[in-house]
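If you want the building blocks of each chain, they are given just below.
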Amino acid sequence: MNAAVATSVFGAFMVVTVALGLLAVRGRGNRGRDGLAEWSVGGRSLGTVFIWVLMAGEGYTSFSYLGAAGWGYNYGAPVLYVVAYMSCGYAVGYVVGPMLWAYARRHGLVGITDMVAHRFGRPWLGALVAVLATVFLLPYIQLQITGMGVVVSTISYGAISLNWAYFIAFAVTTGFVVVSGLRGSAWVSVLKDVLVIATLGFLAFYVPTHYFDGYGPFLDRLVTEKSEWLTFPGHGDSGLGQAWFITTSFLNSLTVVIFPTTVAGYLGAKNADVLRRNAMWLPAYNVLLFVPMLLGMAALFVVPGLVGAESNLALFRLVVDSLPAWAVGVIGVAAALSSIVPMAVFMLVIGTMWGRSVLSLVPRWQQRQKGAAQTVVVAAGVIALVLTYSAPNTLVRLSLISYEGMAQLLPMVLLGLVWRRLTLLGAMAGLVVGVGVVCGFVFTENDPVWGVNAGIVALGANLAVALAVTYAGPREHDDRPDGDVLARDEPEERQGTAGSREAELSGVAVSEASDAPAGA
């Protein structure tokens, strides 16, 4: 009976989710390049509220809902890096977001693969970056499938096996993103945020009161019996000390601003001021992250003995153990939507990168970019599902692998867009070295290395090689003016007047300037 009630609540909300996605895109354009822009970046028309909930949704995932509790359960203090890097990343995004938005709007671009291809004038470079970014995004999709699968299996009280739950997560999200695109994700983010705030607010009060008679007794017991969880490097021989914490927070705060999903959120904004307001308000959302971290440590006393990937169940074991089935269903919906929204954006971004930068190089796909992108979405979801079955891992580890790999694009994307001297050869050499170093450390299980995040060691090598090759090699000749090559947050775009360039984005020629006489 409990399983029937909880899964019925869950199923009803999934129907509402799909309905919201369909409603969001009703009447929107869906053909040609305009169709791809509408599907992938919401037609560049989302306002402050939708951008806020969308980007909060992309940052607050099943990793935050389940993985944060799991790491709180396993290690304790080191999990606070999540709050640190996201808050610092929003500060960096205050500057970088409007700059990338202006660059993409000026040149009609829809992602970082477009940007690097335009910056260096090499279409094949966009295809290469798309392939590399996909490799490092797939673990994040796998993370969301794992998280939602855990939720579905748990709220069904074991009636749905974990393997079937993974498939449900894949099927629901793939169907949703193919139909609704970025705009649908933004609409569903509103529902997700309402449920997440309500359920975590309730759990923050309920769990300490129900199990420990309040926060005072709970914290006293935590300090007395589990003090190791409250200091670095946390519980056990984790190697996650202060140096790891600082380097991981620094690396991720830089990486998050060029993460393809973050850039998709940037490019969906209707103007740059939306992104500035968003950067100021998003840190407030991070307060919620303390709840699952704390509840994960509360689970140490209630459900001891969880090991490995089982620690991801710490929060939901408390929920299932003490709440009625309908409440379990509602909390399960909040956690599931925390997987669906970011997973949808990740899959959408992969589809967009391939549809725009890889398959568009094939002549017969050039006018079918949206269809190509949707096909890739399904393929990416299938690959991530297979990886979930064949190579499971804990949620936080999957997140770290994604960020460490994606960080190696920082010199090519950010440095390349602000410093014209960086050459293609230098950027490519640095990227090869950085990816090689990070893969070497990760796959030999030497992360952390020397007490610091392996990704920042790889990024240091990446940057050193890029600069050395750039200065040692020949200067590249490019006749384009700086305004066509570099990304700058110009006053024109800040005031929203870049809308006058919309005709260029839809392929309409702007000929007045070229027809005017010299000196006009």
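Note that the structure is a prediction, hence the values are computed from the model and not measured.

Asker: Mind showing me how you'd approach the side chain of Thr17 here?
Answerer: Within the secondary structure, Thr17 sits in helix α1 (residues 2-25). Thr17 sits in the buried class, given a relative accessible area of 1%. Those residues in contact with Thr17, other than ones at most four positions away along the chain, are Phe176, Val188, Leu191 and Leu337.

Asker: Just to check I follow, could you spell out the pattern of salt bridges for this structure?
Answerer: A pair can form between side chains of opposite charge whenever their charged atoms are brought close. For the structure shown, the criterion picks out six salt bridges. Among the salt bridges present, the one from Arg276 reaches Asp273, with a minimum N-O distance of 2.9 Å. Of this pair, Arg276 and Asp273 are both found in helix α12 (residues 272-285), three residues apart, which corresponds to roughly one turn of the helix. For Arg276, a relative accessible area of 9% corresponds to the buried category. One salt-bridge network, in which partners are shared between bridges, spans Arg420, Asp478, Arg480 and Asp482.

Asker: Help me understand empty space enclosed by the protein, please; the structure alone is not making it clear to me.
Answerer: If a probe the size of a water molecule is rolled over the atoms, the empty space left behind becomes visible. Inspection of the entire model under this criterion finds three cavities of 30 Å³ or more. If you add up the space inside the second largest cavity, you get close to 90 Å³. Surrounding the second largest cavity, 13 residues form its lining, Val110, Gly111, Val349, Thr352 and Met353 being those nearest its centre. Of all the elements in the fold, those that place two or more residues in the lining of the second largest cavity are α6 (112-120), α11 (260-267) and α15 (325-358). If you tally residues by element for the lining of the second largest cavity, the top one is α15, at five residues. Each residue belonging to the lining of the second largest cavity can be placed in one class, and the counts come to eight nonpolar, four polar and one charged.

Asker: I'm lost on the environment of Val5 in this one. Help?
Answerer: Mapped onto the fold, Val5 is located in helix α1. For the pair Val5 and Trp326, spaced 321 residues apart in the sequence, the C-alpha separation amounts to 6.0 Å. Here Val5 is in contact with Ala325 and Trp326, once residues within four sequence places are set aside.

Asker: Is there a simple way to think about a nonpolar patch on the surface in this case?
Answerer: The grouping of Tyr94, Val95, Met280 and Trp281 at the surface amounts to a nonpolar patch, some 470 Å² of accessible area in total. For the nonpolar patch, the secondary-structure elements that each account for two or more residues are α5 (81-107) and α12.

Asker: I would appreciate a short explanation of the environment of Val452 in the present structure.
Answerer: Here Val452 is to be found in the loop between α19 (424-443) and α20 (454-472). Residue Val452 is classed as buried on the basis of its relative accessible area, which comes to 18%. With residues near it in sequence (within four places) discarded, Val452 still touches Ala243, Trp244, Thr247, Asp447 and Val457.

Asker: Explain the packing of aromatic side chains here, please?
Answerer: One pass over the structure, following the stated rule, counts 22 aromatic pairs. An angle of 55° between the planes, with centres 6.5 Å apart, marks the rings of Tyr211 and Phe212 as tilted. On the basis of relative accessible area, Phe212 is assigned to the buried category, the value being 8%. For the ring pair Phe212 and Phe218, a centre distance of 4.8 Å and an interplane angle of 40° mean the geometry is tilted.

Asker: Help me out: how do you make sense of α15 in this one?
Answerer: Counting along an α-helix, one turn takes 3.6 residues, and residues three or four places apart therefore face a common direction. Between its first and last C-alpha, α15 extends 47 Å over 34 residues, near the 50 Å set by a 1.5 Å rise per residue. Of all 34 residues making up α15, 31 are buried, and the element is well covered by its neighbours.

Asker: Looking at this structure, I do not really get unusual backbone geometry. What am I missing?
Answerer: Working note: non-glycine residues mostly have negative phi, and peptide bonds are mostly trans. Cis geometry is found at the peptide bond from Phe232 to Pro233, where omega equals 5°. Along the chain, the position of Pro233 falls in the loop between α9 (215-225) and α10 (242-255). Following Asp447, the chain continues into Pro448 via a peptide bond in cis, with omega recorded as 5°. Structurally, the position occupied by Pro448 is in the loop between α19 and α20. The phi dihedral of Tyr157 falls on the positive side, at around 55°, and the residue is not glycine. Summarising the element assignment, Tyr157 is placed in the loop between α7 (123-155) and α8 (162-212).

Asker: Teacher, can you tell me more about the packing of helix α13 (residues 290-302) against helix α14 (residues 314-322) here?
Answerer: The geometry of α13 relative to α14 is characterised by a closest axis approach of 8 Å and an angle of 65° between their N-to-C directions. If you check the angle between α13 and α14, you find them roughly perpendicular. Between α13 and α14 lies a crossing of left-handed hand. Residues Pro292, Leu295, Ala299 and Val302 of α13 pack against Ala314, Leu315, Leu318 and Asp321 of α14. Classifying every residue of the contact of α13 with α14 by side-chain character gives seven nonpolar, no polar and one charged.

Thresholds applied
- Residues numbered from 1 in each chain as written.
- Predicted model: local features only at pLDDT ≥ 70, side-chain atom pairs only at ≥ 80, totals over all residues.
- Heavy atoms only, no water.
- Helix = DSSP H or I, 4+ residues; strand = E, 2+ residues; numbered from the N terminus.
- Buried < 20%, exposed > 50% of the residue type's maximum accessible area, 1.4 Å probe, protein only.
- Contact = heavy atoms within 4.5 Å.
- Salt bridge = Lys/Arg side-chain N within 4 Å of Asp/Glu carboxyl O.
- 1 Å grid on protein atoms, 1.4 Å probe; cavity = no way out; pocket = protein on both sides within 12 Å on 5 of 7 lines; lining within 4 Å.
- Points joined across faces, edges and corners; volume = space filled by probe spheres on them.
- Nonpolar A, V, L, I, M, F, W, Y, C, P; charged D, E, K, R; others polar.
- Patch = residues over 30% accessible without salt bridge, like charges linked within 9 Å, V, L, I, M, F, W, Y side chains within 5 Å.
- Areas by Shrake-Rupley, 256 points an atom, 1.4 Å probe, with all protein chains shown as cover.
- Phe/Tyr/Trp six-rings, centres within 6.5 Å; stacked < 30°, edge-to-face > 60°.
- Expected span 1.5 Å × (residues − 1).
- Axes fitted to C-alpha atoms, helices over the stretch in contact; angles between N-to-C directions.
- Parallel < 35°, antiparallel > 145°, perpendicular 65-115°, else oblique.
- Left-handed = near helix turned anticlockwise from the far one by under 90°.

All we've got here are geometric facts, nothing functional implied.
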